[in-house]
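Observations on the model geometry
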Amino acid sequence: MTATQHTSTIRWEQGADDVVVLTLDDPSSSANTVNDAYVASMAETVDRLEREKESIRGVVLTSAKKTFFAGGDLRSLIQATPDTRQQVLAHVTLVKSQLRRLETLGLPVAAAINGTALGGGLEIALACHHRVVLDDPTVKLGFPEVTLGLLPGAGGIVRTVRLLGLTTALLELLLQGQRVRPDKALKLGLVHETAGDRDELIAKARAWVLANEAAQQPYDVQGYRVPGGTPSSPSLASTLPAFPANLTKQLKGAPYPAPYAILSAAVESLQVDVDTAFVVEGRYFVDLVVGQISTNMIQALWFDLNRVNGGASRPAVAATFSATKVGVLGAGMMGAGIAHAFAKVGVDVVLKDVSTEAAEKGRAHVAGSVGKQVSRGRLTQHEADAFLARITPTGDAADLAGCDVIVEAVFEDQALKRQVLSEAEAHALPDALLASNTSTLPITGLAEGVRRREDVVGMHFFSPVDKMPLVELIVGERTSDAALARAYDVVRQIGKTPIVVRDSRGFFTSRVFGTLVLEGAALLAEGLAPSSVERAALQAGFPAGPLTLLDEVTLTLPLKVSVEAAKAGSTEDHPGLAVLRALVERGRTGKAAGQGFFDWTPEKRVWPGLSELFPTTDAVPFADAQERLLFAMAVETARCVEERVLSSVEDANVGSILGIGFPPLYGGVLQYVDQYVGGVAGFVARADELADIYGERFRPPALLLERAVPAGSLRAAVSA
Ligand code: NAI
């Protein structure tokens, strides 16, 4: 006999064996989240379990969705401010207390994890005494909170450090937000069993419940010892003092509050009893939720990213395009990477270079990285062979027959690019998309080499292609909406994120990246020590210092760009350029030459001659140096908005983080303006101040003043 009752998001089914199966199934959404309906349903469910305990043998908790449970409700978390601290604390305390009641009911509770359980989802599973997970490599378990500036506040820290031990919980799950597959979860001890299919999953959970009447959480059993000990155990006590320093080193000094809060909550939670530990964890959680940095990160890396990937900047052309055969022109570093990206998703690639031998080199490059995946067990030899068989190297343009997409990645030379695009146009399908991976050359000019100019679009990949998730799509004067939509779809097909910008010198990313690295060089010229220039960037949250970046892209590149800009009528002369000229004159062109700002001997070190060329005076305060790097990029991006190079705040934020390393903690380059102390008005005032002291390049464009200040934010002004 089965008694069934529906609560709003949790279904209750009591079997003949008196095991209650609770199925998480939010009727308002395709995924379960910690929303108000969940909290109300969980309250009813736990009340009923407590009431009817005598007639129940145990509980199995599962979900009817594709995923187990999606986690916190980001829509409400992003709205939290210091004024709503009490409500946030009350909410998380309630969620936690419900789970605590579930694990201390006196009934065995097993989680049957039928799909991905991240964040709050994993926290619910951890409040069960036993966890069985579906053995499917697409299922992921983990705590991604840290990547959004948060921490798992519903018991995730308290339970993982007790169950796995402090070091394992921190390093394998909490500090970097790793998502682990079922096999790894089993190895870590995060789950107890795996199951082949859904029926087996429920059956195993049920069997465990029936066999373990007296189940308790290990940490509720008298005398339980946490693996690896607590902070007062001698072994942990001796290593613990190094943790904060290691964290700082790992973050390169960037001021992310979440990892430090996680570390503190984890350590402190082990020094007190479980219930007090929940209180400690809750307080750290609330500090993060109401702070600006989690708001920035949730905005950019969740809402903005979803809008960009959801097609906000894609023209409304109905049919979704899917490439079947792609011609990649140029089998160099970029061409090989692009060929790899297409072959990986099952698209046939014709890889064309000046000769078959040259094209073979590109394919060999792909073979090398595929081979690594085989040796790491990520691909079978059979899959690898099939993968490589999709790439056909050639020196003959006639082999481009049948291609529905062309991506050009030959040398950065306008005449050459025009010529290869025109040649490809002649051989590919009559309506093939003609894309160029140029990083600087205007697309409108490149299109002049072909007949179908409306089908030419910029498709700017980033290096290394396999690691970089962004592609910048550039709309030339004649590019049609249909071509742009196709380009957008192709980028989504290979799993990357497309932003859309209008044609102009340097587009958006290269132009704004240029202001960052040149500002770094200018700081050096003004007497900031090279190590301070780098530290200013790292401690502001950039992944690398501007001098290192200059050495990597080579110092001649910005010089070349400035020569081209001058030819096109620009009169700007950035003070950073003189620094590059001084080094290039001495043969110090960058990393590829083994010498630039740094001597690239095995242990990279600052070139000693630098201090003679640019004596250190430390005239620029460190805080100003940091702001100059951030403001240079933000002001230039605002100019891009003013010139309609950019027309979406989301594209700017996402593009700046994923493409050119703008610190995620600020939520991207335009969110930086909106979140600045005093809002846009505060930003404008500070930019004017920087312009007065350091140069007109910091003067904010009129757009900021005229539209954004009264609108309250750049976001509001641009979307109006
Ligand atoms: P690369 O020098 O590694 O490769 C260029 C390839 O084009 C060479 O294999 C060359 O043999 C081939 N090629 C020359 N003439 C050809 C022709 N007529 N037909 C077919 N192939 C021909 O250069 P890389 O770094 O791959 O750059 C290629 C393009 O990508 C350039 O436009 C560059 O600006 C752009 N780009 C480069 C990035 C980077 O980080 N290296 C980033 C984004 C874009």
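Note that this is a predicted model, so its numbers are computed, not measured.

Moving on: the overall build of the chain. A tally of helices and strands in the chain yields 31 helices and 22 strands. Taking 720 residues into account, the globule formula puts the C-alpha radius of gyration at 27 Å, and the chain, at 28 Å, falls close to it. Seen through its C-alpha atoms, the chain measures out along the principal axes to roughly 85 × 60 × 55 Å. Taken across its 720 residues, the chain has 56% of its residues classed as buried. Restricting to contacts in the chain with at least 6 residues of sequence separation, those with at least 24 account for 73%. By element, 54% of the accessible surface of the chain is carried by carbon and sulfur atoms, the whole surface being about 29,200 Å². The averaged location of the 82 negative side-chain charges in the chain is 2 Å from the averaged location of its 68 positive side-chain charges.

Mapped onto the elements of the fold, Arg 686 is located in helix 29 (residues 679–694). Side-chain polar atoms of Arg 686 contact the side chain of Glu 689, separated by 2.6 Å. Here Arg 686 is in contact with Asp 624, Glu 627, Phe 631 and Tyr 676, once residues within four sequence places are set aside.

The next subject is the packing of aromatic side chains. Describing an aromatic ring pair means giving the distance of the ring centres and the angle of the ring planes. Scanning all chains against the criterion turns up 12 aromatic pairs. An angle of 80° between the planes, with centres 6.0 Å apart, marks the rings of Phe 542 and Phe 662 as edge-to-face. Of this pair, Phe 542 sits in the loop between helix 21 (530–540) and helix 22 (546–553) while Phe 662 sits in the loop between helix 27 (649–660) and helix 28 (669–674), and the two are 120 residues apart along the sequence. Judged by relative accessible area, which is 3%, Phe 542 ranks as buried. Relative accessible area serves as the criterion here: at 0%, Phe 662 is assigned to the buried category. Among the aromatic residues, those joined into a ring-pair cluster are Phe 542, Phe 631, Phe 662, Tyr 666, Tyr 672, Tyr 676 and Phe 683. When the ring centre of Phe 321 is taken as reference, the NZ or CZ atom of Arg 486 above it lies at 5.5 Å.

Another aspect to go through is the site of the ligand. Around the ligand, a shell composed of 21 residues is seen, among which Met 334, Asp 353, Glu 412, Lys 417 and Ser 439 lie nearest. Within the backbone of Gly 332, an N or O atom sits 3.4 Å from an oxygen atom of the ligand. In the model, an oxygen atom of the ligand is placed 2.9 Å from a nitrogen or oxygen of the Asn 437 side chain. The fraction of the free accessible surface of the ligand (830 Å²) that becomes covered by protein chains is 77%. Counting only elements with at least two residues in the shell around the ligand, the list comes to helix 14 (333–344), helix 17 (414–427) and strand 18 (456–461). No other element matches helix 17, which puts three residues into the shell around the ligand.

What follows deals with the sheet that holds strand 13 (residues 325–329). With respect to topology, eight strands assemble into an open sheet ordered 15-14-13-16-17-18-19-20, the strand pairing being mixed. One side of each edge strand has no neighbouring strand; the edge strands of this open sheet are strand 15 (391–394) and strand 20 (497–502). For this sheet, the mean angle separating the axes of adjacent strands, direction not counted, is 25°. Looking at chain direction, strand 14 (residues 348–352) and strand 15 are connected through four bridges and run parallel. Residue Leu 351 lies in a different strand from strand 15, and its bridge partner there is Pro 393. Set on the sheet, helix 14 makes contact with strand 13, strand 14, strand 15, strand 16 (405–408) and strand 18; between it and strand 14 the angle comes to about 170°.

As a further point, take the environment of Thr 23. With respect to the secondary-structure elements, Thr 23 resides in strand 3 (residues 19–24). Along the sequence, Thr 23 and Thr 9 sit 14 residues apart, while their C-alpha atoms lie 8.2 Å from each other.

Further remarks concern the sheet that holds strand 8 (residues 117–118). Strand order in the open sheet formed by three strands is 8-10-11, and the pairing between neighbours is mixed. The open sheet is flanked by strand 8 and strand 11 (179–180), the only strands paired with a single partner.

A word on the confidence of the model for the chain. When the pLDDT values of the chain are averaged, the result is 95; 99% of them are 70 or greater. A low-confidence stretch, residues 1–6 stays under pLDDT 50, and its non-local contacts, those more than four residues away or across chains, total 13 contacts.

A word on helix 3 (residues 85–103). For helix 3, with 19 residues, the first-to-last C-alpha span of 27 Å sits near the 27 Å given by 1.5 Å per residue. Summarising the contacts, the buried residues of helix 3 are in contact with strand 4 (33–34), helix 1 (36–51), strand 7 (109–113), helix 4 (120–126), helix 5 (156–164) and helix 12 (274–290).

So, on to the pairing of strand 19 (residues 470–475). For strand 19, the buried fraction is high: six of the six residues fall into the buried class. Neither face of strand 19 is open: one carries Leu 470, Glu 472 and Ile 474, the other Val 471, Leu 473 and Val 475, and all of them are buried. In the sheet, strand 18 pairs with strand 19 via four bridges, with the strands oriented antiparallel. When the sheet's bridge partners are listed, His 460 is paired in strand 19 with Glu 472. In terms of strand pairing, strand 19 meets strand 20 through six bridges, oriented parallel. By the bridge assignment, Ile 474 is partnered in strand 20 with Val 501.

This brings us to the environment of Gly 476. Tracing the sequence through the fold places Gly 476 in the loop between strand 19 and helix 19 (481–493). In sequence terms Gly 476 and Gly 445 are 31 residues apart; their C-alpha atoms lie 8.4 Å from each other. Setting aside residues up to four positions removed in sequence, Gly 476 forms contacts with Ile 443, Thr 444 and Asp 503.

Before going further, it helps to spend a moment on the domain arrangement of the chain. Per the domain assignment, the segments of the chain are domain 1 (3–289), domain 2 (325–504) and domain 3 (510–585 + 612–719). The C-alpha centroid of domain 2 is placed 44 Å from the C-alpha centroid of domain 1.

What follows is about the pattern of salt bridges. For the coordinates displayed, the defined rule picks out 43 salt bridges. Salt-bridge contacts for Arg 715 lead to Asp 304; the nearest nitrogen and oxygen are separated by 3.0 Å. On the criterion of sequence distance, the pair formed by Arg 715 in helix 31 (residues 714–719) and Asp 304 in helix 13 (residues 292–309) is long-range, its members being 411 residues apart. The burial state of Arg 715 is the same as that of Asp 304; both residues are buried. Residues joined by salt bridges that share partners form a network here, namely Arg 100, Glu 103, Arg 159, Asp 220 and Asp 275.

Scoring rules and cut-offs
Residues numbered from 1 in each chain as written. Predicted model: local features only at pLDDT ≥ 70, side-chain atom pairs only at ≥ 80, totals over all residues. Heavy atoms only, no water. Helix = DSSP H or I, 4+ residues; strand = E, 2+ residues; numbered from the N terminus. Rg over C-alpha atoms; globule rule 2.2 N^0.38 Å. Buried < 20%, exposed > 50% of the residue type's maximum accessible area, 1.4 Å probe, protein only. Contact = heavy atoms within 4.5 Å. Areas by Shrake-Rupley, 256 points an atom, 1.4 Å probe, with all protein chains shown as cover. Lys, Arg positive; Asp, Glu negative; His and termini not counted. Charge placed at Lys NZ, Arg CZ, Asp CG, Glu CD. Polar contact = N/O pair within 3.5 Å; in protein donor to acceptor, adjacent residues only side chain to side chain. Phe/Tyr/Trp six-rings, centres within 6.5 Å; stacked < 30°, edge-to-face > 60°. Lys NZ or Arg CZ within 6 Å of the ring centre and 35° of its normal. Near = heavy atom within 4 Å. Pairing = 2+ DSSP bridges. Axes fitted to C-alpha atoms, helices over the stretch in contact; angles between N-to-C directions. pLDDT = per-residue confidence, 0-100. Expected span 1.5 Å × (residues − 1). Domains from an automatic or database assignment. Salt bridge = Lys/Arg side-chain N within 4 Å of Asp/Glu carboxyl O.

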